[in-house]
Amino acid sequence: MIKNILAAIGAVMLVAMIGGYIVLGVGKLDSGAMPAFMDMFSKVLKDGDPAKAMMIEYKIAEDVENEDAAESIKALAEEYNMRITGDVKMFNKEDAKPNEVKHARIFSLCSLHIAKVFLNHSRYFGGFMPCRIMLVEYGNGERYLVTMDLTLAIHGGFPLDKQMLELATKVQKAMVEIPERAAKGDF
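Residues numbered from 1 in each chain as written. Predicted model: local features only at pLDDT ≥ 70, side-chain atom pairs only at ≥ 80, totals over all residues. Heavy atoms only, no water.

Engineer: Tell me what's going on with unusual backbone geometry, and back it up with residues and numbers.
Structural biologist: Going from M129 to P130, the amide bond is cis rather than trans, its omega being -15 degrees. Here P130 is to be found in the loop between α5 (112–121) and β4 (131–138). The backbone phi angle of N81 is positive, close to 55 degrees, even though this residue is not glycine. Take N81: it is sitting in the loop between α4 (66–79) and β2 (83–92). The exposure class of N81 is exposed, given its relative accessible area of 64%. (Helix = DSSP H or I, 4+ residues; strand = E, 2+ residues; numbered from the N terminus. Buried < 20%, exposed > 50% of the residue type's maximum accessible area, 1.4 Å probe, protein only.)

If you want it as structure tokens, here you go:
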């Protein structure tokens, strides 16, 4: 019942957004804006979790140790011209219950040249900096690498100019491929 109500609300919002798109001249937005917002909205409708809707996660292979994944992230960062700007071990809880976080560690990565270009464009891009990859391990042994999906940052507003789009696409590629490969133990 609640799911049907939420679906109806979603349909009404979609119609309203399309109407606003036409009436308010939102046609200036990047062509990927509406699909990106709708993808996020559908994920929120499905799970009710906006944070999950803005992230990408990769399950760490059973044969890859946490430290191997960490070393892989560091090695791969160089391959993608990213600098490790931080490595913070948030906490360890050895007696974590199966559904509790046992271990959390955040890696911060940045391309300083690209960061400068984007900050000169809009200081608000600083909220996305540095890029982060979180290693999360649960008490049941499941482990994930989680990073932000940068699609909305790239396509959610007016189109970026050619140079900025190329730079943003490089960072997005790195932030998809580094954790994806590190979860498999790739160096």
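Engineer: Before we move on, can you summarise the packing of aromatic side chains with the specific residues and values?
Structural biologist: Inspection of the entire model under this criterion finds three aromatic pairs. Between F118 and F125, the ring centres sit 4.9 Å apart and the planes meet at 80 degrees, which makes this aromatic pair edge-to-face. Under the relative-accessibility criterion, F118 is labelled buried at 6%. By relative accessible area, F125 is classed as buried at 14%. Between F125 and F128, the ring centres sit 6.2 Å apart and the planes meet at 45 degrees, which makes this aromatic pair tilted. Residue F128 is classed as partly exposed on the basis of its relative accessible area of 31%. An aromatic cluster of three or more residues is present, and its members are F118, F125 and F128. (Phe/Tyr/Trp six-rings, centres within 6.5 Å; stacked < 30°, edge-to-face > 60°.)

Engineer: Account for the pattern of salt bridges, naming residues and giving values.
Structural biologist: Evaluated as defined, the whole model comprises 10 salt bridges. A salt bridge links K74 to E71; the shortest N-O distance between them is 4.0 Å. In this pair, K74 and E71 are both assigned in helix α4, three residues apart and thus about one turn of the helix distant. Ionic pairing is found between R181 and E79, a salt bridge with its closest N-O pair at 2.8 Å. With R181 in helix α7 (residues 162–182) and E79 in helix α4, this residue pair connects regions lying 102 residues apart in the sequence. One continuous salt-bridge network, built from bridges that share partners, spans E67, E71, K74, D87 and R105. (Salt bridge = Lys/Arg side-chain N within 4 Å of Asp/Glu carboxyl O.)

Engineer: An account of α5 is requested, with residue identities and associated values reported.
Structural biologist: Every buried residue belonging to α5 is among I114, A115, V117 and F118, and all of these are buried. Down the axis, α5 shows its buried residues gathered within 160 degrees of arc, on one side only. Along α5, exposed side chains directed more than 90 degrees from the buried face belong to H113, K116 and N120. On its buried face, α5 is in contact with β3 (101–110) and α7. (Arc of directions from axis to C-beta. Contact = heavy atoms within 4.5 Å.)

Engineer: Could you give an account of the packing of α4 against α7, with specific residues and numbers?
Structural biologist: At a minimum axis distance of 9 Å, the contact between α4 and α7 shows a crossing angle of 145 degrees. Regarding α4 and α7, the two cross each other, and that crossing is right-handed. Contact with α4, carried on its side by A69, S72, I73, L76, A77 and E79, involves I178, R181 and A182 of α7 and no other residues of that element. Split by residue class, the contact of α4 with α7 holds six nonpolar, one polar and two charged. (Axes fitted to C-alpha atoms, helices over the stretch in contact; angles between N-to-C directions. Left-handed = near helix turned anticlockwise from the far one by under 90°. Nonpolar A, V, L, I, M, F, W, Y, C, P; charged D, E, K, R; others polar.)

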